[in-house]
Amino acid sequence: MFCSGAVVLGCSHGKGALRWDAMEYDEKLARFRQAHLNPFNKQLGPRQHEQGAGEEALDVASEEAPPQLRPGEPEFRCTERVMDLGLSEDHFSRPVGLFLASDLQQLRQAIEECKQVILELPEHSEKQKDAVVRLIHLRLKLQELKDPSDEEPNIRVLLEHRFYKEKSKSVKQACDKCNTIIWGLIQTWYTCTGCYYRCHSKCLNLISKPCVRSKVSHQAEYELNICPETGLDSQDYRCAECRAPISLRGVPSEARQCDYTGQYYCSHCHWNDLAIIPARVVHNWDFEPRKVSRCSMRYLALMVSRPVLRLREINPLLFNYVEELVEIRKLRQDILLMKPYFITCKEAMEARLLLQLQDRQHFVENDEMYSVQDLLDAHTGRLGCSLTETHTLFAKHIKLDCERCQAKGFVCELCREGDVLFPFDSHTSVCTDCSAVFHRDCYYDNSTTCPKCARLTLRKQSLFQDPAPDVDA
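Everything quoted here is computed from the prediction, not taken from an experiment.

Calculation rules
- Residues numbered from 1 in each chain as written.
- Predicted model: local features only at pLDDT ≥ 70, side-chain atom pairs only at ≥ 80, totals over all residues.
- Heavy atoms only, no water.
- Helix = DSSP H or I, 4+ residues; strand = E, 2+ residues; numbered from the N terminus.
- Buried < 20%, exposed > 50% of the residue type's maximum accessible area, 1.4 Å probe, protein only.
- Contact = heavy atoms within 4.5 Å.
- Areas by Shrake-Rupley, 256 points an atom, 1.4 Å probe, with all protein chains shown as cover.
- Phe/Tyr/Trp six-rings, centres within 6.5 Å; stacked < 30°, edge-to-face > 60°.
- Lys NZ or Arg CZ within 6 Å of the ring centre and 35° of its normal.
- pLDDT = per-residue confidence, 0-100.
- 1 Å grid on protein atoms, 1.4 Å probe; cavity = no way out; pocket = protein on both sides within 12 Å on 5 of 7 lines; lining within 4 Å.
- Points joined across faces, edges and corners; volume = space filled by probe spheres on them.
- Nonpolar A, V, L, I, M, F, W, Y, C, P; charged D, E, K, R; others polar.
- Salt bridge = Lys/Arg side-chain N within 4 Å of Asp/Glu carboxyl O.
- Axes fitted to C-alpha atoms, helices over the stretch in contact; angles between N-to-C directions.
- Parallel < 35°, antiparallel > 145°, perpendicular 65-115°, else oblique.
- Left-handed = near helix turned anticlockwise from the far one by under 90°.

(A) Fine view of the overall build of the protein chain. Along its length, the protein chain carries 17 helices and 14 strands. For the protein chain, buried positions account for 32% of its 473 residues. For the protein chain, restricting intrachain contacts to residue pairs at least 6 apart in sequence, the fraction spanning at least 24 positions comes to 56%. Within the structure as shown, the protein chain displays about 31,000 Å² of accessible surface, and the carbon and sulfur contribution to it stands at 53%.

This is the structure we're talking about:
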């Protein structure tokens, strides 16, 4: 009985000790939290704890109760700090760009405040530029929060490429980087608006090829030597583009020759694409497509409509063997002779007749430059037909429809017979000095000089001749 009572007393004494230890632990925990409060968090104030020996253990819910402000302490609202968004110096509020889905309204208000700040700052100042950049970031963040499903950005700029995210989900393309299929239904992919380079979103950071359009803008010219091969040894038996090991035996990779550059490429950079080679067109009038690398194919596609070929200098004998070029050159020369009539004619300017050649602006500037597309259309006959229709429309306006243009015609001063002549008529000849127009037969049969040139010469002599001195005076 004595032992049992001792045990009971011992147990009750143990329970009291455990309770006392728990109270000491809670007091230490409260003092620890008080000592480690964030001094910059103005919203949190010191907690008031009542300490006593007979006090019950602190409840967890009471520890998480909202803090009470001290008497006289100014109220601080966290939302105002969030709305600041870096417009003023604040190193301890939420960083700019760190927003949650519930902050859409706050973002919109921040954008309006940023607009007002931009209007108030001096123009072209550094602060205004920084505010504009901040406004752009805020709008981008707002767009991301509005459409959280679009994890990839719509625009990416890499190595002068300007990639746009494709919206099509059903088109099946091939990635120019990894040479695998792009499944638009389940994969995100981008296309460069300059050179139409396509790749997966995961391959963007692996691209090492700069945009071909930059080369077209800075160096718009062709390689005019037919397949200028130098051999694999000059390339150190490596791909001319990605520098991967290649060989003619196909180990480790097959060497494929580009007919445009004459260099060898690996299978990832040369997909056996076909393209018309400008050098073969200019020298051989050969339009058969040949195998080229991917880079050459994009370059030729961007250059196909650029008038950079001066045929009279590159191959003047080509006009002796290609009748289509002779006809096209005559039509272009006539159009250049019609151009002064349209520039000075009000009706022609209102009708915008020269826009008939808006796809070939170089045709109204000179008669020497050609593009590969011009030569291809001349080979197929499309260019001759379209130029003939345009020539007929222009001649009809000058000779029949417009009285002002008709009044600018010429009368043959050698025979003074026939209808009104124009310099683009097929049976006329034009004086190279004064641009007077005559019948071709009259001009070549007459051995004397041009009447208009002789008249202009006499007029100049009479103007510059000194008057004879008056003797009587």
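Now that the structure has been shown, the text picks up again.
(B) Focus on the packing of aromatic side chains. All told, the structure shown has seven aromatic pairs when counted by the stated rule. Ring plane angle 20 degrees and centroid distance 5.6 Å describe the contact between Phe 422 and Phe 424, whose orientation is recorded as stacked. Each of the two residues, Phe 422 as well as Phe 424, counts as buried. The ring of Trp 271 is capped by Arg 294, whose NZ or CZ atom sits 3.9 Å from the centre of that ring.

(C) Layout of the confidence of the model for the protein chain. Mean pLDDT over the protein chain: 76, with 73% of residues reaching 70 or higher. In this model, residues 69–102 is a region of pLDDT below 50 whose contacts with residues beyond four sequence positions or in other chains number 35 contacts.

(D) The arrangement of empty space enclosed by the protein in detail. Going through the model one piece at a time under the given rule, you end up with two cavities of 30 Å³ or more. By volume, the second largest cavity is sized at about 30 Å³. Considering the residues around the second largest cavity, the lining is formed by His 161, Cys 195, Tyr 197, Lys 209, Pro 210, Val 212, Glu 241, Cys 295 and Arg 298. Here the residues of the lining of the second largest cavity sort into five nonpolar, one polar and three charged.

(E) Inspection of unusual backbone geometry at higher detail. Phi at Asp 236 is positive, roughly 60 degrees, even though this residue is not glycine. Here Asp 236 is to be found in the loop between α6 (212–218) and β7 (256–257). Residues other than glycine seldom take positive phi values, yet Trp 285 does so here, at roughly 50 degrees. Topologically, Trp 285 is positioned in the loop between α7 (278–284) and β10 (290–292). The exposure class of Trp 285 is buried, given its relative accessible area of 18%.

(F) Seen up close, the layout of surface pockets. Quantified by volume, the largest pocket comes out at close to 400 Å³. Lining of the largest pocket is provided by 20 residues; of these, Lys 215, Thr 261, Cys 295, Ser 296 and Tyr 299 occupy positions nearest its centre. Counting only elements with at least two residues in the lining of the largest pocket, the list comes to α6 and α8 (294–303). When grouped by side-chain class, the residues that make up the lining of the largest pocket number nine nonpolar, six polar and five charged.

(G) Just the side chain of Gln 235, in detail. Relative to the helices and strands, Gln 235 resides in the loop between α6 and β7. Ignoring any residue separated from it by four or fewer positions in sequence, one finds Gln 235 in contact with Ala 240, Arg 243, Ile 246, Gln 263 and Tyr 264.

(H) Representation of the pattern of salt bridges within the structure. Under the definition given, this model contains 20 salt bridges. Arg 298 serves as the salt-bridge partner of Asp 176, at 3.5 Å between the closest nitrogen and oxygen. One end of the pair, Asp 176, is in the loop between β3 (172–174) and β4 (181–183); the other, Arg 298, is in helix α8, and 122 residues separate them in sequence. On the basis of relative accessibility, which here comes to 3%, the residue Asp 176 falls in the buried class. On the basis of relative accessible area, Arg 298 is assigned to the buried category, the value being 6%. In this structure, Asp 286 engages Arg 290 in a salt bridge whose closest nitrogen and oxygen atoms are separated by 2.7 Å. In the salt-bridge network here, residues are joined through shared partners; they are Arg 310, Arg 312, Glu 313, Asp 367 and Glu 368.

(I) Seen up close, the packing of helix α11 (residues 323–343) against helix α14 (residues 382–401). Close contact between α11 and α14 brings their axes to 10 Å; oriented N to C, the two are set at 30 degrees. In terms of orientation, α11 and α14 fall into the roughly parallel class. Note that α11 runs across α14; the crossing there is left-handed. Within the contact between the two elements, α11 uses Glu 327, Ile 328, Leu 331, Arg 332, Asp 334, Ile 335, Met 338, Tyr 341 and Phe 342 and α14 uses Leu 383, Gly 384, Leu 387, Thr 388, His 391, Phe 394, Ala 395, His 397 and Ile 398. Looking at the contact of α11 with α14 residue by residue, the classes come out as eleven nonpolar, four polar and three charged.

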